Amino acid sequence: MDQAPGSRQDDAHNGLPVCYRHPDRETGIRCTRCEHPICPECMVSASVGFQCPACVRDGSGTGHAPAASQPRTLAGGTIAADPHLVTKILVGLNLALFVVQQAVGESFTQRFELIGRAVMPALGFGVLQGVAEGQWYRLLTSMFLHLTYIHILFNMLSLWWIGGPLEQALGRARYLALYLVSGLAGSALTYLITEPNEASLGASGAIYGLFGAFVVLVRRQRYDMRPVIALLVINLFFTFRWAGIAWQAHIGGLAAGLVIGAVMIYAPRERRTLIQYGTCALVLVAVLVMTLLRTAQLT
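Every chain begins its residue count from 1, and numbering advances along the sequence as written. Given that this is a predicted model, residues contribute local features only at a pLDDT of at least 70 and side-chain atom pairs are listed and counted only at 80 or more, while totals for whole chains, interfaces and linings are drawn from all residues. Note that the side-chain values use all heavy atoms of the structure and ignore hydrogens as well as water.

### Considerations on the layout of surface pockets
Using a grid of 1 Å spacing that covers the protein atoms alone, one calls a set of points a cavity when a 1.4 Å probe fits there but cannot get out, and a pocket when the set is open and has protein on both sides within 12 Å along at least five of seven lines; lining residues are those with an atom within 4 Å of a point. Grid points are joined across faces, edges and corners, and a volume is the space filled by probe spheres set on the points. Counted as a void, the second largest pocket has a volume near 1000 Å³. Helix and strand definitions here come from DSSP, where helices need a minimum of 4 consecutive H or I residues and strands a minimum of 2 consecutive E residues; each element is numbered from the N-terminal end. When residues of the lining of the second largest pocket are traced back to their parent elements, those giving at least two are helix H6 (149-170), helix H8 (204-220) and helix H10 (247-266). Ten residue types, Ala, Val, Leu, Ile, Met, Phe, Trp, Tyr, Cys and Pro, are classed as nonpolar, four, Asp, Glu, Lys and Arg, as charged, and the remainder, Gly among them, as polar. Its residues assigned to classes, the lining of the second largest pocket comprises 20 nonpolar, seven polar and 12 charged.

Right, here's the structure in full:
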């Protein structure tokens, strides 16, 4: 966020000041008017040296003033007034669908949960259901369903704790892409590996994707990695030791989150958007390949 001219943010890491609009970035450049430290993304060419976006808006400098004056997140997204809006919407959507599940009953859950190929009595005897039967929407809809109150409680608490900081760092569009693509990767790996008549549901694949990206973010911010690594190890321990957990969704989501998170956070500023969303597209291609392979096996 912009600071008022006259205030100075000279807190330094390793002796260098940090950009007054991006506190995570060290810089040796200052605005020629107000002397605020500015990073390359905030530098606007002037007749002499560089100026910050605030001074450009005041009527000085030349070059790409309108674009440069728009604050950006660490990953290049637009800074929003409510940096947690998408997280709130995702939590609300999961909770709303859980209420529908409780009200409608088994028929609703069986219609939208992830299953490869099976007869589901609540949907009609003798009729095969599942992704292999062309119901690909189950890869997505199963990400928003939950089995029990404990299941949704833990997932929503994790989504809130991890999702909020990530949304603020990535921006809304990139954060939503990370969530959905990671969840689909978890669903696709589950579909590929599990027995075709074994049902799966839950937001865990998407949340593990956020977890993977969060590890990258903590590393990028140079925070202490030990608490994050310990939490990840504990979660993975329960993933493999607790019966009834779809570990395939967790591993698929985590792998996708690590890859997408690394690209989102470390992509070079030149062609950054293309690289970020191109990586998401490549992960979706992997999802498509896994889905087609498994469907070919089952049909």
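### A closer look at H6
Given a rise of 1.5 Å per residue, 22 residues ought to cover 32 Å, and the 30 Å separating the end C-alpha atoms of H6 matches this to within 8%. At any given residue, the bend is defined as the angle formed between two axes, one fitted to the seven residues that end at that position and one fitted to the seven that begin there. Where H6 bends most, the angle comes to about 35 degrees, and this point is Gly163, followed within four residues by the proline Pro165. Working definition: with a 1.4 Å probe on protein chains only, accessible area under 20% of the residue-type maximum means buried, over 50% means exposed, and in between means partly exposed. Along H6, the residues that are buried comprise Ile152, Asn155, Met156, Leu159, Ile162, Gly163, Gly164, Leu166, Glu167, Ala169 and Leu170. Only heavy atoms matter for contacts: two residues are in contact if any of them lie within 4.5 Å across the pair. Close packing links the buried residues of H6 with helix H3 (85-104), helix H7 (172-193), H8 and H10. At the exit of H6 stands Gly171, carrying a positive phi of roughly 95 degrees. Here the expected span of a helix is defined as 1.5 Å times the quantity of residues minus one.

### Quick word on empty space enclosed by the protein
Under the counting rule described, the total for this entry stands at one cavity of 30 Å³ or more. Space inside the largest cavity adds up to approximately 50 Å³. Around the largest cavity, the lining residues are Leu114, Ile115, Gly116, Thr190, Tyr191, Thr194, Glu195, Pro196, Glu198, Ser200 and Arg294. The residue inventory of the lining of the largest cavity, partitioned by class, reads four nonpolar, four polar and three charged.

### Some words on the packing of H6 against H8
Axis definition: a line fit to C-alpha positions, over the contact stretch in the case of helices; interaxial angles, taken between N-to-C directions, run 0 to 180 degrees. At their nearest, the axes of H6 and H8 sit 9 Å apart, and the two run at 35 degrees to each other. Note that H6 runs across H8; the crossing there is left-handed. Listed contacts from H8 to His151, Asn155, Ser158, Leu159, Ile162, Gly163, Pro165, Leu166 and Ala169 of H6 are Ser204, Ile207, Leu210, Phe211, Ala213, Phe214 and Leu217. Here the contact of H6 with H8 is composed, by residue class, of 11 nonpolar, five polar and no charged. Should the near helix be turned counterclockwise from the far one by less than a right angle, the crossing is left-handed, whereas a clockwise turn marks it as right-handed.

### Some points on H3
Given a rise of 1.5 Å per residue, 20 residues ought to cover 28 Å, and the 28 Å separating the end C-alpha atoms of H3 matches this to within 8%. At its buried positions, H3 is contacted by helix H4 (106-112), H6 and H7.

### Description of unusual backbone geometry
Leaving glycine out, the prevailing phi sign among residues is negative, and the prevailing peptide bond configuration is trans. Positive phi, normally seen in glycine, also occurs at Glu35, with a value near 65 degrees. Along the chain, Glu35 falls in the loop between strand E2 (16-17) and strand E3 (44-45). Residue class for Glu35 comes out partly exposed when judged on its relative accessible area of 43%. Of note in this structure, Arg271 is not a glycine but carries a positive phi near 60 degrees. One can find Arg271 in the loop between H10 and helix H11 (272-298). Residue classification places Arg271 among the exposed residues on the basis of a relative accessible area of 62%.

### Focus on the nonpolar core
Nine residue types can take part in a nonpolar core, namely buried Ala, Val, Leu, Ile, Met, Phe, Trp, Tyr and Cys, and a core is a set of them joined through side-chain atoms within 4.5 Å. Ranked by internal contacts, the top residues of the largest apolar core, which has 54 residues, are Leu159, Leu166, Leu170, Tyr175, Tyr179 and Leu210. Elements with a contribution of two residues or more to this core: H3, H6, H7, H8, helix H9 (226-241), H10 and H11. By residue number, the principal contributor to this core is H8, which donates 11 residues. Grouped together as the second largest cluster of nonpolar side chains are 10 residues, Cys19, Tyr20, Ile38 and Cys42 included.

### Overview of the pattern of salt bridges
Every case where a carboxyl oxygen of Asp or Glu lies within 4 Å of a side-chain nitrogen of Lys or Arg is listed as a salt bridge. Evaluated as defined, the whole model comprises six salt bridges. Measuring nitrogen to oxygen at the nearest pair gives 3.4 Å for the salt bridge that ties Arg272 to Glu41. Of this pair, Arg272 sits in helix H11 while Glu41 sits in the loop between E2 and E3, and the two are 231 residues apart along the sequence. On the basis of relative accessible area, Arg272 is assigned to the buried category, the value being 12%. Its salt-bridge partner being Asp82, residue Lys88 comes within 3.1 Å of it at the nearest N-O pair.

### A word on the confidence of the model for the protein chain
The quantity known as pLDDT measures the predictor's confidence residue by residue, on a range of 0 to 100. Averaged over every residue, the pLDDT of the protein chain is 85; the share at 70 or more is 87%. Confidence drops under a pLDDT of 50 for residues 1-14, and excluding neighbours within four residues, the segment shows 33 contacts in the predicted structure. Considering only residues more than four positions removed or in separate chains, one finds that residues 60-69, a stretch of pLDDT under 50, has 19 contacts.

### Points about the side chain of Gln248
Within the element layout of this structure, Gln248 appears in helix H10. According to the relative accessible area criterion, Gln248 is buried, its value standing at 7%. Those residues in contact with Gln248, other than ones at most four positions away along the chain, are Gly186, Leu189, Thr190, Ile193 and Thr194.

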